[in-house]
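What follows is the residue order along each chain.
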Amino acid sequence: MEIRERYLNIKRRLFDKVYSSLNAPQRESVFTTRGPLLILAGAGSGKTTVLVKRIAFIIKYGNAYYSDFVPEGISERDVAKLESALDLTPAEIEPYLSQFAENPCPPYAVLAITFTNKAANEIKHRLAAAFDNEEVANDIWAGTFHSICVRMLRVHAEKIGYGPNFNIYDADDSKRAMLAAMKNLGIDDKTLPIKSVMNTISRAKDALMTPSDFLDEAGREFRLKKIGEVYEEYQKNLRISNALDFDDIIMQTVKLLREHEEVRRYYQNKFKYVCVDEFQDTNVAQFELTNLLIGHYRNLMVVGDDDQSIYKFRGATIENILSFDKTYPDAKVVKLEQNYRSTQNILDAANAVIGVNTNRKGKNLWTSQGEGDKIVLRLSEDQNSEAMYIVDKINEAVAKGEASYRDFAILYRTNAQSNSIERTFAKSGVPYRMLGGIRFNDRKEIRDVVAYLQLINNHSDAERLLRIINEPKRKIGDKTIDAIRAIASEQEISLFEVIKNADKYAALGRSANILLGFAALIEKLTKILEDGCPLDAFVNQVLDMSGYRQMLVSAGEEERDRLENLEEFISGVIEYMKNTEEPTLGGFLEETMLVSDVDKYDESADACVMMTIHSAKGLEFPIVFLPGMEDGLFPGSQTVMSASAEDMEEERRLAYVAITRAKRKLYIIHTRNRMIYGRTSFNPVSRFVSEIPTSLIYKDAPPKRSDSYSSFGTGGFGGYGGSAATSRGSFVSVGTAKTSSSGLGGVGDKVTIGKTFTSPVKQGAGERFSEGDRVSHMTFGEGEILSVKPMGADVLYEIAFEKVGTKKLMATYAKLKKIN
DNA sequence: TTACGCCTCCTTTTT
DNA sequence: GGAGGCGTAA
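The residue numbering used here restarts from 1 in each chain and proceeds along that chain's sequence as written. Chain A is the first chain written and ligand 1 is the first ligand written, with later ones labelled in order. Only residues with pLDDT of at least 70 are given local features in this predicted model, and only at 80 or more are side-chain atom pairs given and counted; all residues enter the totals for whole chains, interfaces and linings. Working from all heavy atoms in the structure, the side-chain values ignore hydrogens and water.

1. A closer look at the overall build of chain A
Right, so step 1: Secondary structure counts use DSSP, requiring at least four H or I residues in a row for a helix and at least two E residues in a row for a strand, with both numbered from the N terminus. Scanning chain A from N- to C-terminus turns up 36 helices and 23 strands.
Right, so step 2: Counting the 820 residues in chain A, one finds 54% classified as buried.
Right, so step 3: Total accessible area on chain A stands at roughly 35,500 Å², and carbon and sulfur atoms take up 50% of it. Burial classes follow relative accessibility: with a 1.4 Å probe on protein chains only, a residue under 20% of its type's maximum area counts as buried, one over 50% as exposed, and anything between as partly exposed. Exposure was quantified through the Shrake-Rupley algorithm and a 1.4 Å probe, taking into account, for residues, occlusion by the shown protein chains and nothing else.

Here is the structure:
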């Protein structure tokens with residue numbers, strides 16, 4: 001063999017050995033650094049590992065593996081020396097590899113795009129660990145599509161007609177803005193339901209259609225034409241508000257990159273490698289954005305699983321992944337089919353179900369872990385006995401010591417199903433956590449403070465202004481608001497601009513003074529912030545000067561939860577300040593809008609977890625229950641009726657996701673009759689269950705006298721076997737509905753923990769304090785009581801804390817301790 | 001302005 | 001079955 005060839009051969013064998021903990025296709029993925037690459041990663045196939053190792057590889061070795069470079073004048077002896085290194089262990093070989101590096105890429109030239117903050121953080125953490133260096137992780141651009149786009153837009157907003165301090169509208173804000181636009185146009189939301197308007201406009205933006213594109217396409221179709229007009233008006237108002245909705249964040253970035261060559265060039269040169277995770281969930285706009293970023297390097301890696309594409313209703317286009325190799329004919333395609341999560345029986349079931357779909361690339365998951373238990377199929381009488389069956393099985397396994405509560409997950413198709421399950425769990429005392437409640441950020445009082453802050457950050461924001469202009473009540477009624485809107489709309493200026501000059505508009509009449517006062521309040525607060533007030537103190541100022549806190553305090557008992565939540569919110573602000581080098585209001589708001597809190601449900605609590613199958617994507621659990629596996633529920637009746645093959649395939653992919661969450665054991669349950677929307681329905685077992693070979697299934701038939709299950713009804717606790725009783729009274733309280741969140745924004749709590757079961761422990765008012773007493777508080781530290789005001793049955797303390805300034809706290813909730 | 005009662009509408013939701 | 005929106009009555 002020629003010496004050059006031998007050199008290259010040995011080099012590659014050395015790399016193979018160092019990376020021998022990966023399987024062959026995984027290594028192939030890591031070593032392929034140049035050009036377009038599609039990784040079809042089956043469920044549980046080590047996708048994230050590959051993603052991270054590949055980025056690390058690029059940073060360390062660049063294109064080392066496939067490079068044909070051979071050093072000048074290499075000798076037989078050199079090659080022989082290398083060859084002898086092959087006998088060493090992987091760890092011993094590793095130091096040798098750096099000599100092969102070819103164009104290693106600096107971390108800041110790597111862009112990794114994900115859909116969730118959780119995934120982005122995971123990548124950063126694992127990279128930091130791989131390099132034992134936080135900086136590498138901080139330098140690479142790893143983030144969600146939205147956060148990356150916002151980062152670019154902040155710099156270049158002016159080029160596309162926005163101010164750099166633009167605000168972000170979430171779904172609720174944008175719904176209000178669309179309703180306002182419809183009102184403006186005189187379109188009744190009964191003839192044109194807001195839900196469908198929102199959905200249509202959102203899909204249009206996903207597909208990069210501007211209002212005029214949309215109107216062109218709508219032609220003379222009445223409904224679409226109307227929606228097009230709303231879209232146009234809505235977009236005009238967003239611009240005046242200097243606000244972007246979630247979809248704009250992507251679409252406007254695409255516009256920026258398309259229309260501004262110098263900006264495009266800059267990022268194309270900057271990002272030498274681009275990676276996109278969960279590629280099956282991308283929409284047209286996101287793919288276009290990616291294409292615009294990769295530039296002439298064309299070093300684009302996308303990872304995803306066409307079989308787990310379950311977000312079509314949100315605009316995801318499975319075609320992006322299915323035809324990636326047509327868009328990029330030179331793309332290398334790698335399939336990761338070895339599964340490290342589940343037993344073969346579970347995988348066989350999943351393979352069988354997904355195999356029915358035709359619109360897919362085709363993969364076959366396998367494992368070396370053995371076949372494991374059969375899948376248990378259970379027919380229950382109704383949703384209550386279904387829930388009791390689950391509780392029974394859990395208690396049984398826990399009693400035998402086969403599993404802990406945290407090993408179980410109950411995954412359902414619709415949130416509505418959670419009711420009966422939760423009730424049964426609460427009654428039986430099995431600890432549980434449920435995902436999908438109201439998010440902390442969505443509570444009214446939180447949205448209100450945020451609205452104040454957003455308005456201060458960006459005076460033009462119409463929705464935020466409208467939200468709080470009369471909150472607390474300032475005697476600004478609908479008529480005044482309509483008048484303000486009319487003036488603003490006619491002159492195409494912001495609402496704030498009108499209010500600021502209220503005395504100049506006759507139409508505002510007697511309200512002018514109140515409006516001027518409101519404008520002055522906002523400007524005064526803006527000034528306080530500009531003068532360098534720390535963020536947490538500033539939020540307190542906002543609450544005090546606006547009268548918002550006083551409004552809640554005056555309401556007494558009824559609103560103390562809200563007051564508590566506001567304190568919690570401020571803790572979140574403090575948390576943000578701690579974690580951020582240069583904390584700013586804008587930065588905090590951005591995080592509040594872009595970082596949710598699903599990321600951080602407390603996995604340490606020993607409790608069963610309940611959630612929809614959608615939210616379970618990406619997670620795994622030793623033992624999984626799938627209740628409600630019935631045609632009419634899953635697949636849903638809409639899908640069954642619609643006869644759309646595409647919709648049915650999407651539903652089947654969801655079933656595939658559900659099955660592949662299970663590591664050791666899978667229970668599938670269906671019922672004879674079930675109450676849905678107040679009606680009893682008799683659903684046949686899900687077609688997806690019928691698609692699983694019977695050889696993989698064990699039918700858990702109810703015992704002959706099992707009618708006791710249902711005859712006891714919902715309330716019957718003694719209806720089932722002794723095992724449940726063992727756990728009675730063993731409830732482990734895993735916290736109240738409001739966990740003190742530690743993450744960014746600190747304001748998150750989508751996780752409702754044992755909410756019906758945990759009765760909040762009423763803290764007695766306890767010791768009462770008087771003026772001048774020194775006290776200590778769990779979060780705020782030590783301070784001195786400034787004043788004491790009786791409030792109904794409770795007492796309001798004003799306390800000067802050493803670290804966090806003066807705060808007003810209710811005695812019952814402050815949990816103060818006296819210091820001597 | 002608020003309160004209550006009636007009517008309607010129901011999938012999934014990473015940002 | 002239940003939440004949320006809306007209209008009417010006080």
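2. Quick look at the confidence of the model for chain A
Right, so step 1: On average, chain A scores 87 in pLDDT, and the residues at 70 or more come to 88%.
Right, so step 2: Across chain A, element-level confidence peaks in strand β13 (residues 621-626) with a mean pLDDT of 98 and bottoms out in helix α35 (residues 723-727) with 30.
Right, so step 3: For every residue, the predictor states its confidence as a pLDDT score lying anywhere from 0 to 100. For this analysis, residues touch if any pair of their heavy atoms sits within 4.5 Å. Contacts of residues 706-754 to residues separated by more than four positions or lying in other chains number 105 contacts, the stretch itself having pLDDT below 50.
Right, so step 4: Low pLDDT (under 50) marks residues 756-765, which in the prediction has 15 contacts with non-local residues, meaning those over four places away or in another chain.

3. Structural notes on the protein's contact with DNA strand B
Right, so step 1: Surrounding DNA strand B, one finds 23 residues, the nearest of these being Y311, R314, R413, S596 and T612.
Right, so step 2: One heavy atom suffices: a residue is near a molecule or strand as soon as one of its heavy atoms comes within 4 Å of it. Each atom of DNA strand B within 4 Å of the protein belongs either to a base or to sugar and phosphate, the latter forming 46%.
Right, so step 3: Interatomic distance of 3.0 Å between a side-chain N/O atom of R314 and a base nitrogen of DNA strand B.
Right, so step 4: Note that Gly is not counted as nonpolar here; it falls among the polar residues with everything else outside the nonpolar set of Ala, Val, Leu, Ile, Met, Phe, Trp, Tyr, Cys and Pro and the charged set of Asp, Glu, Lys and Arg. In the surface near DNA strand B, the residues fall into six nonpolar, eleven polar and six charged. As used in this structure description, the phrase polar contact means that two N or O atoms lie within 3.5 Å; if the pair is within protein, one of them must be able to donate a hydrogen and the other to accept it, and residues adjacent in sequence are counted only when both atoms belong to side chains.

4. Digging into the pairing of strand β6 (residues 273-276)
Right, so step 1: Across the two faces of β6 the burial is the same, with Y273 and C275 and V274 and V276 all buried.
Right, so step 2: Between any two strands, at least two bridges found by DSSP are needed for them to pair. The sheet contact formed by strand β2 (residues 110-114) and β6 spans four bridges and is parallel. Across the sheet, residue L111 finds its bridge partner in β6, namely V274.
Right, so step 3: Two elements, β6 and strand β7 (residues 300-304), share three bridges in a ladder whose sense is parallel. Among the inter-strand pairings, C275 is bridged to a residue of β7, identified as M301.

5. What about the sheet that holds strand β1 (residues 37-41)?
Right, so step 1: Taken in spatial order, the six strands of this open sheet run β3-β2-β6-β7-β1-β8, and their pairing is parallel. Whereas interior strands pair on both sides, the edge strands pair on one side only; in this sheet they are β3 (141-144) and β8 (332-336). With direction set aside, neighbouring strand axes in the sheet form an average angle of 15°.
Right, so step 2: In this sheet, β7 lies alongside β1 in parallel orientation, the contact comprising four bridges. Bridging across to β7, I39 finds its partner in V303.
Right, so step 3: Lines fitted to C-alpha atoms define the axes, with helix axes restricted to the stretch in contact, and inter-axis angles between N-to-C directions lie between 0 and 180 degrees. Along the sheet, helix α6 (residues 117-131) contacts β2 and β3; its crossing angle with β3, the most-contacted strand, is approximately 160°.

6. Let's talk about the protein's contact with DNA strand C
Right, so step 1: DNA strand C sits among K190, Y677 and G678.
Right, so step 2: Close to the protein, within 4 Å, the atoms of DNA strand C belong to sugar or phosphate groups at a rate of 18%.
Right, so step 3: A distance of 3.3 Å is found between a base oxygen of DNA strand C and a backbone nitrogen or oxygen belonging to Y677.

7. Some remarks on α6
Right, so step 1: Working rule for helices: expected span equals 1.5 Å times residues minus one. Its 15 residues place the ends of α6 21 Å apart at the C-alpha level, agreeing with the 21 Å of an ideal helix rising 1.5 Å per residue.
Right, so step 2: Among the residues making up α6, those that are buried are N117, A120, I123, L127 and A128. For α6, the angular spread of buried residues about the axis comes to 130°, placing them on one side. Counted as exposed and oriented over 90 degrees from the buried face of α6: H125 and A129.
Right, so step 3: Buried-residue contacts for α6 involve α3 (47-61), β2, α7 (134-139), β3 and α29 (585-594).
Right, so step 4: Following α6 by one or two positions, D132 adopts a phi angle in the positive range, close to 50°. Throughout, the arc means the angular range of directions from the helix axis out to the C-beta atoms.

8. Some remarks on the pairing of β7
Right, so step 1: In terms of residue burial, β7 counts as a mostly covered element, since five of its five residues are buried.
Right, so step 2: Between the parallel pair β6 and β7, the chain is carried across by helix α15 (residues 284-294), and the sense of this crossover is right-handed. With the strands aimed away from the viewer, a crossover counts as right-handed if its path from the first strand over the helix to the second runs clockwise.

9. Thoughts on the side chain of Q235
Right, so step 1: Along the chain, Q235 falls in helix α12 (residues 222-240).
Right, so step 2: For Q235, the side chain forms a polar contact with the side chain of K205, separated by 3.0 Å.
Right, so step 3: Not counting chain neighbours up to four residues away, the residues in contact with Q235 comprise Y162, K205, P211, D248 and Q252.

10. So, the packing of helix α11 (residues 211-218) against α12
Right, so step 1: Between α11 and α12, whose axes approach to 9 Å, the crossing angle comes to 170°. Overall, the two elements α11 and α12 adopt an arrangement that is roughly antiparallel. Of the residues in α12, those touching α11 at P211, F214, L215 and A218 are L224, K225, I227, G228, E229, Y231, E232 and Q235.
Right, so step 2: A breakdown of the residues in the contact of α11 with α12 according to their chemical character gives seven nonpolar, two polar and three charged. For classification purposes, an angle smaller than 35 degrees is called roughly parallel, one larger than 145 roughly antiparallel, one from 65 to 115 roughly perpendicular, and anything else oblique.

11. A short note on the environment of N167
Right, so step 1: In this fold, N167 is placed in strand β4 (residues 167-169).
Right, so step 2: Distance from N167 to F569, taken between C-alpha atoms, is 19 Å for residues 402 residues apart in sequence.
Right, so step 3: Non-local contacts of N167, meaning those with residues more than four positions away in its chain, are made with N242, A243, L244, Q454, N457, N458, D461 and R464.
Right, so step 4: At 2.9 Å, the side chain of N167 forms a polar contact with the side chain of D461.

12. Regarding helix α19 (residues 383-399)
Right, so step 1: Here α19 is 17 residues long and its end C-alpha atoms lie 24 Å apart, about the 24 Å a rise of 1.5 Å per residue gives.
Right, so step 2: Along α19, 14 of the 17 residues are buried, which leaves the element largely enclosed by surrounding structure.
Right, so step 3: Structurally, the start of α19 carries an N-cap: the backbone nitrogen of N384 is 3.0 Å from a side-chain oxygen of D382.
Right, so step 4: Of the residues one or two after α19, G401 is the one with positive phi, at around 80°.

13. As for the packing of helix α1 (residues 3-18) against helix α5 (residues 90-97)
Think of two packed helices as two axes; the pair is described by the angle between the axes and how far apart they sit.
Right, so step 1: Put simply, α1 and α5 touch, their axes get as near as 9 Å, and they point 130° apart. Taken as axis vectors, α1 and α5 run oblique relative to one another. Considering the relative orientation of α1 and α5, their crossing is left-handed. In contact with L14, F15, K17 and V18 of α1, α5 contributes P90, I93, E94 and L97.
Right, so step 2: Considering only residue class, the contact of α1 with α5 consists of six nonpolar, no polar and two charged. Crossing chirality is assigned from the near helix's rotation relative to the far helix, an anticlockwise turn below a right angle marking it left-handed and a clockwise turn marking it right-handed.

14. Considering the side chain of S546
Right, so step 1: With respect to the secondary-structure elements, S546 resides in the loop between α26 (535-545) and α27 (548-555).
Right, so step 2: Those residues in contact with S546, other than ones at most four positions away along the chain, are Y452, P472, R474, L521 and Q541.

15. A look at the packing of aromatic side chains
Right, so step 1: We call Phe, Tyr and Trp rings a pair once their centres come within 6.5 Å, taking the six-membered ring for Trp, and we label the pair stacked below 30 degrees between planes, edge-to-face above 60, and tilted otherwise. The tally for this structure, following the rule as stated, stands at 31 aromatic pairs.
Right, so step 2: Considering the side-chain rings of F31 and F57, the 5.3 Å spacing of their centres and the 50° angle between planes classify their relative orientation as tilted. You can see F31 sitting in helix α2 (residues 24-31) and its partner F57 sitting in helix α3, a full 26 residues away along the chain.
Right, so step 3: The buried category is assigned to F31, whose relative accessible area is 1%.
Right, so step 4: Given the relative accessible area of 0%, F57 is considered buried.
Right, so step 5: Connected via pairs of aromatic rings, a cluster forms that spans Y7, F15, Y19, F31, F57, Y61, Y65, Y66 and F100.
Right, so step 6: Whether a charge sits over a ring depends on NZ of Lys or CZ of Arg being within 6 Å of the ring centre and within 35 degrees of the ring normal. Taking the ring centre of F166 as reference, the NZ or CZ of R154 above it sits at 3.9 Å.

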